[in-house]
Amino acid sequence: MNCRPHVLAPIVHPPRCCVQHHFQATIVPHIHPSHTTHVNHHLFQHQHYFPHTESVVNEVSNQQVFFPGPAPFPPGPAPFPWGY
């Protein structure tokens, strides 16, 4: 006879902030032999959920450069007659 499991209220952990780094991988095989022994136990199942968000940062820079001396275009009417 199977009974429905008891479900406790979730435990919410604080979000973990992540930074992505990109590397080249080298594979080193590790062999882990195993043996199974069946033992019946009462299980408390702690269910961990990992909702994930991402963000993007756009950085913008400006430079104001002032050059002494005459302008690089010949004197005369404004180069942009529409007023800009």
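Residues numbered from 1 in each chain as written. Predicted model: local features only at pLDDT ≥ 70, side-chain atom pairs only at ≥ 80, totals over all residues. Heavy atoms only, no water.

In this section: the overall build of the protein. Scanning the protein from N- to C-terminus turns up zero helices and zero strands. Here the protein holds 84 residues, and 0% of them are scored as buried. For the protein, the exposed surface amounts to about 10,800 Å²; the carbon and sulfur share of it is 60%. (Helix = DSSP H or I, 4+ residues; strand = E, 2+ residues; numbered from the N terminus. Buried < 20%, exposed > 50% of the residue type's maximum accessible area, 1.4 Å probe, protein only. Areas by Shrake-Rupley, 256 points an atom, 1.4 Å probe, with all protein chains shown as cover.)

In a disulfide, the sulfur atoms of two cysteines are covalently bonded to one another. Under the defined criterion, the tally for this structure stands at zero disulfides. Of the cysteine sulfurs around Cys17, a residue in no disulfide, the closest is that of Cys18, at 7.3 Å. Judged by its relative accessible area of 78%, Cys17 is exposed. (Disulfide = S-S within 2.5 Å.)

Honestly, it's all geometry; don't read function into it.
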